[in-house]
Every structure is written in structure tokens, then in C-alpha cells.
Amino acid sequence: MVKKMLLYVILFVLWNMRVECSQPYFPPQITFTTNDSTNTYLFAVDEINQRAYHWHLIDSDDQSYAYAMQHFPYATPDSPESKNYVILEIYKPVYCVYTSVWKHGSAIHGSFPEHWYYNMDTFKIANYMEFSSKMIHKTNSSKDEDHWYSEQNCTLESTGETYPCEEIFFKKDTDIPLRYIFVEGTGFFALRVTINYKIISIGKPDDKLFETIPRNWMNNCTDLNLALDFILSSPIIKLNESAIVKIRLTSPPHRIDGNDTMTLQWQVDKTSSQCQDCLKWEPKQFHFNIKNFDQYQTMIVTRVKNGFETTIRPIMNGGGYNKTRADDYSLLFR
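What you are looking at is a predicted structure, and each value in this text was computed from that prediction instead of being measured.

## Some remarks on the overall build of the protein chain
Step number 1: From N to C terminus, the protein chain includes 3 helices and 25 strands.
Step number 2: What you see for the protein chain is a C-alpha radius of gyration of 27 Å, clearly larger than the 20 Å of a compact globule of 334 residues, by over 25%.
Step number 3: Along the three orthogonal principal directions, the C-alpha set of the protein chain runs to about 100 × 50 × 50 Å.
Step number 4: The buried share among the 334 residues of the protein chain stands at 42%.
Step number 5: In the protein chain, of all internal contacts separated by at least 6 residues, the share reaching a separation of at least 24 is 54%.
Step number 6: Looking at the protein chain, you have 33 positive and 39 negative side-chain charges, and the mean spots of the two groups are 4 Å apart.

Next up, the structure:
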């Protein structure tokens, strides 16, 4: 009898340890919607097959679609996009952008949870939820819901009230999420926010969600990894003196029709330059490819006439860089 009682005690302790150690996560495969006063969102998360989908209804004319996958369809063979995770965002009817997550580029997209990004060059589709502190299961939850709250508390300075920083509610004895409450902001501007979940399905998301990926996304959409990187000692140049600008690419050019060369030239931005003939630069043209894209090339900018500000902007052609916003990489000299 004593041995049986001891066994029951051990089992009870182990059960309580298991309950305390477990944390309230979403199912690994789930499709659900959320909404606020002006927007509706749909998420599909598939941890098992490493793919995710996000749809945002802004209004009747504007919608956005986002996809994240480990093996993205229609990627150019042997390209970084064919070997790494890709996040594609389509803003109908305006434009589309994408990034491949690897050592030569990664941009965090707001469509998916930030904790899916690791060290900026690694990405993995994990559980939809991640909490900032340990979550505690409330033992006297209602008969219909399981209530979890964070061990960390937050205070609303506007009211002086203190709440758990995070709370989440599930359908009783299931992993079906119902709502999430968290404190957003700090100081006097902190407020409690509630997100309600409407579950569409538990299990593998519908393949039709991912069948909407356009076949020509690599050619038609802008690669956010493609950018210029500068080292400029000083933008101030005196008459007959020069400044050295070192230029390289952040990510290798795409190979298009067998050609992986990106050509870079510069021109005076007439709309924002007070003096249009004050500077000259050499060389006039740069060439980058898959092998030398990350090696700095040198441009020497010389002031040949006294004047005020001059802005030069890049002209990028080839390798997918012609879709990169030139205005983001203009150089201002005084």
C-alpha cells in the first residue's frame, strides 16, 4: 500500500511538472483569420512543410498577399532563390517584392512573425506564437476556456492599472486559440490590445492558397536584396579636390538569359542639384557580376567648379538591378 501511495505521489508530481513546463502554442498546421476596425487578415501556417501564407484585405480595391516557403516554386534553377527560403509579397494592383534569406541579404517583412528570422540571415517557419516571458496556466479558468498569462506584468501609466503583459485563451482542453491580449507601447501611451482568432481549419492548409503564386514572380517582382553599398569619406569637396567613393553590391546579380552582368553609371539629378556642372567622376561605368559583386570598386569624384549642392543618382542595368529604386542610392556632395 505504501509503495502504491508513493507511486501515486510521484505520478502526480510528474504530471504537475509537465503542465508547468508546457507552453500555450498554436497547432503546427493552422489556418485562421483576425480583424480590427479597418482590416481583415488571413494566415496559414504549415510548420511541417515549411510554408506560410498571409492575406490582407485593406479595402475593396487593395489587397496584399504574402508567401514564405523553403522550396519556392518557379525559382530560377541554381539561383539563391532556389536554394533558400523566399518571402514574396504582392500588393495588388500596384507592385510586388521578394527576398531570399541567406548570407547576402535578408529583409524582414511585416507579413510574418519576426521570431521566424534568426540572425538576419536564417529563416524558419516556426510556431505562430512566441511569448516574451514564461506563460502560466490559470487553474480556475472558465469551463469553456483555458487561460494563460505571462509571469511578467505591465502597468498602464494612463490608468495606473497593472495587467499581465500577455494573455492567451484557448478552447477548453484543446490547442485551438480564441484570443490574445497584450500590452502595446510604453509609458503613458501603453494600452491593452485584443486580437480575436477565427479558426478556418486545423491541419494542413489548403494547397489552393499557394497555387496563386505567379509563375513569373522572379522576373516581374523587385528583389529587395539587390542594393548598393557605399563607403564615402566625406561629402564635402573643395575646388580642384576629390572624394573617393567605394561601391559594391549587397547581393549577386541575377543570371538572366545566361548573362549575370550589372552595369552601373551615374548622372546628375537635375531636380535636386543646385549646380549641375560642378562635378566630374571617373570611371564613368562599373561592371559587377556574380564573382566580383562583393568587391569594392573605386569612383573618384572631383569638384571642377565652385557651387552649391550636387546630387548624382545611379543608373543600374542588368542582373535584376534595373528594378532597384535609384533614388535610394543617390549621393549628395557639397
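## Brief notes about the environment of Glu114
Step number 1: Relative to the helices and strands, Glu114 is located in the loop between strand S6 (95-101) and strand S7 (117-118).
Step number 2: Along the backbone, Glu114 and Glu130 are 16 residues apart, and their C-alpha atoms lie at a distance of 9.5 Å.

## So, the sheet that holds strand S14 (residues 177-184)
Step number 1: Ordered in space as S9-S10-S13-S14-S15, the 5 strands form an open sheet in which the pairing is antiparallel. The open sheet terminates on both sides in strands that have one partner only, identified here as strand S9 (135-137) and strand S15 (191-196). The average undirected angle you get between the axes of adjacent strands in this sheet is 20 degrees.

## What about the side chain of Asp146?
Step number 1: Here Asp146 lies in strand S10 (residues 145-150).
Step number 2: The buried category is assigned to Asp146, whose relative accessible area is 8%.
Step number 3: A distance of 2.7 Å separates a polar side-chain atom of Asp146 from the backbone nitrogen of Asp173.
Step number 4: Those residues in contact with Asp146, other than ones at most four positions away along the chain, are His137, Ser141, Ile168, Phe169, Phe170, Lys171, Lys172, Asp173 and Thr174.

## Digging into the pattern of salt bridges
Step number 1: By the definition in use, this model includes 13 salt bridges.
Step number 2: Put simply, Glu167 and Arg192 hold a salt bridge, and the shortest N to O gap is 2.6 Å. Residue Glu167 is found in strand S13 (residues 166-171), and its partner Arg192 is found in strand S15; the two are separated by 25 residues along the sequence.
Step number 3: A salt bridge links Glu309 to Arg334; the shortest N-O distance between them is 3.3 Å. You can see Glu309 sitting in the loop between strand S23 (297-303) and strand S24 (310-317) and its partner Arg334 sitting in the segment after strand S25 (331-333), a full 25 residues away along the chain.
Step number 4: You can call Arg334 partly exposed: its relative accessible area is 44%.
Step number 5: Residues joined in a network through salt bridges with shared partners are Asp46, Arg51, Lys204 and Asp207.

## Concerning unusual backbone geometry
Step number 1: The linkage connecting Glu282 with the following residue, Pro283, adopts the cis geometry, with an omega of -10 degrees.
Step number 2: Note on placement: Pro283 falls in the loop between strand S21 (279-282) and strand S22 (285-288).
Step number 3: In this structure, Gln50 is a non-glycine residue whose phi angle is positive, near 50 degrees.
Step number 4: One can find Gln50 in the loop between strand S2 (40-46) and strand S3 (51-57).

Reading the values: rules and limits
Residues numbered from 1 in each chain as written. Predicted model: local features only at pLDDT ≥ 70, side-chain atom pairs only at ≥ 80, totals over all residues. Heavy atoms only, no water. Helix = DSSP H or I, 4+ residues; strand = E, 2+ residues; numbered from the N terminus. Rg over C-alpha atoms; globule rule 2.2 N^0.38 Å. Buried < 20%, exposed > 50% of the residue type's maximum accessible area, 1.4 Å probe, protein only. Contact = heavy atoms within 4.5 Å. Lys, Arg positive; Asp, Glu negative; His and termini not counted. Charge placed at Lys NZ, Arg CZ, Asp CG, Glu CD. Pairing = 2+ DSSP bridges. Axes fitted to C-alpha atoms, helices over the stretch in contact; angles between N-to-C directions. Polar contact = N/O pair within 3.5 Å; in protein donor to acceptor, adjacent residues only side chain to side chain. Salt bridge = Lys/Arg side-chain N within 4 Å of Asp/Glu carboxyl O.

That is the geometry; function is a separate question.
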